[in-house]
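Fold and contact review
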Amino acid sequence: MRLTPSHILRGFIGAVGFLLSPLSWWNDLFFNFPLAYGFAWVVGRSLHVFMSVHKWLFVNLFITGYFLTNLAGFLMIHYSIFGLSKSRPLSIKRQIFVSVVYSLAVLAFFGLEICSPEEGCRVFPSWVRP
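Residues numbered from 1 in each chain as written. Predicted model: local features only at pLDDT ≥ 70, side-chain atom pairs only at ≥ 80, totals over all residues. Heavy atoms only, no water.

1. Side note on the overall build of the chain
Operational definition: Elements are defined by DSSP. Helices are runs of H or I of four residues or more, strands are runs of E of two residues or more, and each kind is numbered from the N terminus. Here the term buried applies to any residue with accessible area under 20% of the maximum for its type, exposed to any over 50%, and partly exposed to those in between, with areas from a 1.4 Å probe on protein chains only. Any two residues having at least one pair of non-hydrogen atoms within 4.5 Å are treated as being in contact.
What the chain contains, in helices and strands, is four helices and two strands. Listing every helix and strand of the chain by position from the N terminus yields α-α-α-α-β-β. Split into buried and exposed, the 130 residues of the chain put 24% on the buried side. The long-range share in the chain, meaning contacts at least 24 apart out of those at least 6 apart in sequence, stands at 54%.

2. Section: helix α1 (residues 5–20)
So the rule is basically this: By this rule, a helix spans an expected 1.5 Å times one less than how many residues it contains. Starting at the helix axis, one direction is taken to each C-beta atom, and the arc is that of these directions.
With 16 residues, α1 extends 23 Å between its outermost C-alpha atoms, agreeing within 8% with the 22 Å of an ideal straight helix rising 1.5 Å per residue. Taken residue by residue, α1 has Arg10, Ile13, Gly14, Gly17 and Leu20 as its buried positions. For α1, the buried positions fall inside an angular range of 120° around the axis, keeping them on one side. Summarising the geometry of α1, the exposed residues directed more than 90 degrees from the buried face are Pro5, Ile8 and Phe12.

3. Points about the packing of aromatic side chains
For any pair of aromatic rings, geometry is given as the distance between the ring centres together with the angle between the planes. The cut-off we apply is this: Any pair of Phe, Tyr and Trp rings, taking the six-membered ring for Trp, is counted once the centres come within 6.5 Å. Such a pair is stacked with planes under 30 degrees apart, edge-to-face with planes over 60 apart, and tilted for the rest.
Inspection of the entire model under this criterion finds three aromatic pairs. Here the aromatic rings of phenylalanine 33 and tyrosine 66 are separated by 5.6 Å at their centres, their planes lie at 45°, and the arrangement is tilted. Taken together, the residues phenylalanine 33 in helix α2 (residues 28–48) and tyrosine 66 in helix α3 (residues 55–84) connect sequence positions 33 residues apart. Residue classification places tyrosine 66 among the partly exposed residues on the basis of a relative accessible area of 23%.

4. Description of α2
Asp28, Asn32, Ala36, Ala40 and Gly44 are the residues of α2 that are buried. Summarising the axial view, the buried residues of α2 lie within an arc of 85°, below the 170-degree limit, and thus occupy one face.

5. Some thoughts on the environment of threonine 64
Stated formally: A 3.5 Å cut-off defines polar contacts: any pair of N or O atoms within that distance qualifies, except that in protein one atom must be a possible hydrogen donor and the other a possible acceptor, and neighbouring residues in sequence count only when both atoms are side-chain atoms.
For threonine 64, the location among the structural elements is in helix α3. A polar atom in the side chain of threonine 64 sits 2.8 Å from the backbone oxygen of asparagine 60.

6. Thoughts on a nonpolar patch on the surface
Inclusion rule: Like charges are joined within 9 Å and nonpolar side chains (Val, Leu, Ile, Met, Phe, Trp, Tyr) within 5 Å, but only among residues with over 30% relative accessible area and no salt bridge; these make up the patches. The accessible surface values rely on the Shrake-Rupley method and a 1.4 Å probe; as for residues, cover is taken only from the protein chains in view. Should a side-chain nitrogen of Lys or Arg be within 4 Å of a carboxyl oxygen of Asp or Glu, the pair is scored as a salt bridge.
Where nonpolar side chains cluster on the molecular surface, the patch consists of Phe18, Leu23, Trp26, Leu29, Phe30, Phe31, Phe33 and Leu35 and spans about 820 Å² of accessible area. Top contributing element to the nonpolar patch by residue count: α2, with five residues. Of note, phenylalanine 18 is situated in helix α1.

7. A closer look at the side chain of serine 21
Looking at the element boundaries, serine 21 is found in the loop between α1 and α2. Serine 21 gets classed as buried once you look at its relative accessible area, which sits at 0%. Apart from residues lying up to four places away in sequence, serine 21 is in contact with Asn27, Asn70, Gly73, Phe74 and Ile77.

Below you can see the structure in the form of structure tokens.
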């Protein structure tokens, strides 16, 4: 396979998507939190024209922005990977579906306390020692 500018662009998009996705957990402080805060600030400032913005609304806007950055990261990864394959046409519906399923899986891992930021993921049996 010959390397083309399209391959380089898709690789760059995939790298940026990896940085935005929850697959790189260390990126939150540098990428996702500032982007989510910026999203909450812009939307909150826009809403402030029409109504008073309370703390709970700003926090929920921040959480929404954080979720959107993770979803955008997954979409970028899927675009980068599926775009390299000429046998399958690019389907945005399929990419969004897979990204939502991945996001729900990540939420389930944290919701069921299989994974936590402090301890990592407990996927090994109890007899396996670190």
